[in-house]
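Residue-level listing of the chains:
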Amino acid sequence: MIDIKEIRENPERFKKAAADKHFNVDIDKLIEIDSKLKDAKQKLQDILTEKNKVGKEIPKLPDAEKQKAIETLAQLKQQEQDYNETTKNLQPQFDALMLEVPQPADDDVPLGKDDTENVEIKKVGEIRKFDFEPQDHVRLGLALDIMDIERGVKLAGARNYFLKGDGAMLHWAVLRFAVDFMVAKGYTPMSPPMLMKYETMTGTGYYPGSEEQTYRTLDELSLAGTAEVPVTAYYKDEILLAGDLPKKFVALSTCFRREAGAAGKDTYGLYRIHQFDKVEQVIICKNDIEESKKLHAEILANSEGVLQALELPYRVVNVCTGDLGRGQVQKFDIETWMPSRKNYGETHSASRFYEFQARRLNLRYKDPKTKKNLFCHTMNNTVIASPRILIPILELYQTKDGSITIPKVLRPYMNGKEKIARS
RNA sequence: GGAGCAGUGGCUGAGCGGCUGAAAGCGACGGUCUUGAAAACCGUUGUGCCUACGGGCACCGGGGGUUCGAAUCCCUCCUGCUCCGCCA
């Protein structure tokens, strides 16, 4: 959420942000409602001032005047009620519009309409050249009997799957490796709840807007699509001590995504699925743009470190305005080389929000200098998401005979096993 | 599911119709002391909004009501705790 004062001062800036990010918000209407609401609140306050004044004098007044004062009060009460009604009518409209105002992207974000205009900023690792015809992860996985998509679909519908045997082991190995990697860097591990209240989804910026991308239960809870939601919201409505910041978390959770509107897109294999497991890093820091940027670079570097340890080739892109979420000021995606797609495929997404989420979550800290409560800054990045990351692992680590060499760093998590072969 | 109790400032916790925006303790911040630190002592310290910068208003879980006046009384909802039942 944006500070209304900023919108009042420079509405054009937010109109432009909405246009660049492809969000539809009626800023003019927001400003109109804001000024009416502000006016009504001011009047209401004046009436209350008067009411308090009259009320306070009543016990001291002689009986004759007392009656008159009580009558004045009755009149003031009537006026109070009128303005109260105006306020109660306008407030929800104001609130709803405020939730829709996007945060402008930072200056070094490329202007662009969609993901085709993201800008590559670095490329790391050699792309493997095969001296045999490589197979895709599905064919490999089925032949090795480490995944079963057919039965996943039979039981749970399209975009569902089983991992089995060494497939399940490899999945957990990657996740555990990623968690340990982050814990070694001092991040606090978390196993969060994933059934979230509507307001928590709103707090992190997913609602309103992404309801149809989300599984919702009969209890009106939403299955979060990422641990970013519970972990960023962890300190919702709290005031932290400046000295305790930054808070660094690493969470492992299952993620649920409806993938509505993606019908027919990436239907093959384990790329786009309804349920997966992800290790996510979340940082809550001070309200300081430089620190935010520095830590954003840190969480990006962490994920690169994981990919480098797995010896997977990847590139980093600076996501353009048209592909940014409402609250994100900047996002770097990491895309890992996937031979079957003959391209890099998104495996990580590092977003920086400044105070956008913290405002919605009412997540603050006490600034010792000004003694003011300031909104924190938040950011997050994937550490590893599996099974998507199994696509490059299986495909790049395959051998001519159809077996898979297990990446060295994962072997300790596979009981020392070095390869997955047909049994 | 049944019965009971409770929700107050960053935290713990008093208050139970006007004298209370709220005691006390802890924490935090500033100071004295110290080579430095700790301890001790002194002082400051709720949040949000509006402002003609003098102030004003709201907030004691949410909403509604009683009253001239409510943190305090009533209704309702939510949340937590305890006991019983049920399940594992």
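Here is a short report on the structure shown in this document. (Residues numbered from 1 in each chain as written. Chains lettered and ligands numbered in written order. Predicted model: local features only at pLDDT ≥ 70, side-chain atom pairs only at ≥ 80, totals over all residues. Heavy atoms only, no water.)

### Considerations on the protein's contact with RNA strand B
The full set close to RNA strand B counts 18 residues, and Gln 42, Gln 45, Leu 73, Lys 88 and Lys 366 are the nearest of them. A distance of 2.8 Å separates a base nitrogen of RNA strand B from a polar atom in the side chain of Gln 45. Within the contact set of RNA strand B, a phosphate oxygen lies 2.7 Å away from a side-chain nitrogen or oxygen of Lys 366. No other element matches helix H3 (residues 27-57), which puts six residues into the surface near RNA strand B. (Near = heavy atom within 4 Å. Polar contact = N/O pair within 3.5 Å; in protein donor to acceptor, adjacent residues only side chain to side chain. Helix = DSSP H or I, 4+ residues; strand = E, 2+ residues; numbered from the N terminus.)

### Notes on unusual backbone geometry
Leave glycine aside and you will find that most residues have negative phi; peptide bonds, for their part, are mostly trans. Each neighbour pair has its own omega, and for Tyr 207 with Pro 208 the value is -10°, a cis peptide bond. Summarising the element assignment, Pro 208 is placed in the loop between helix H8 (198-203) and strand E6 (215-216). One non-glycine residue, Asp 145, lies in positive phi territory at about 60°. Tracing the backbone through its elements, the reader meets Asp 145 in the loop between helix H5 (137-143) and strand E2 (147-148). Classification of Asp 145 by relative accessible area gives partly exposed; the value is 42%. Even without being a glycine, Lys 342 presents a positive backbone phi close to 50°. On the secondary structure map, Lys 342 appears in the loop between strand E12 (330-338) and strand E13 (343-354). Note on Lys 342: relative accessible area 69%, which makes it exposed. (Buried < 20%, exposed > 50% of the residue type's maximum accessible area, 1.4 Å probe, protein only.)

### Re the sheet that holds strand E1 (residues 119-124)
What the eight strands build is an open sheet, ordered E1-E11-E12-E13-E16-E10-E9-E4; its pairing is mixed. The strands lining the two open edges of the sheet, one partner per strand, are E1 and strand E4 (188-190). Taken over all neighbouring pairs, the strand axes of this sheet differ in orientation by 25° on average, direction set aside. Direction of pairing for E4 relative to strand E9 (residues 247-256): parallel, over a ladder of three bridges. By the bridge assignment, Thr 188 is partnered in E9 with Phe 249. The strands touched by helix H7 (residues 166-184) within the sheet are E4, E9, strand E10 (275-285) and strand E16 (377-386), with E16 carrying the most contacts at an inclination of about 145°. (Pairing = 2+ DSSP bridges. Axes fitted to C-alpha atoms, helices over the stretch in contact; angles between N-to-C directions. Contact = heavy atoms within 4.5 Å.)

### Some points on helix H10 (residues 289-309)
In this model, H10 (21 residues) spans 30 Å end to end at C-alpha, consistent with the 30 Å of a helix rising 1.5 Å per residue. The complete set of buried residues in H10 reads Glu 291, Ser 292, Leu 295, His 296, Ile 299, Leu 300, Asn 302, Ser 303, Glu 304, Gly 305, Val 306 and Leu 307. Residue Asp 288 occupies the N-cap position of H10, its side-chain oxygen lying 2.9 Å from the main-chain nitrogen of Glu 290. Following H10 by one or two positions, Glu 311 has its phi on the positive side, about 55°. (Expected span 1.5 Å × (residues − 1).)

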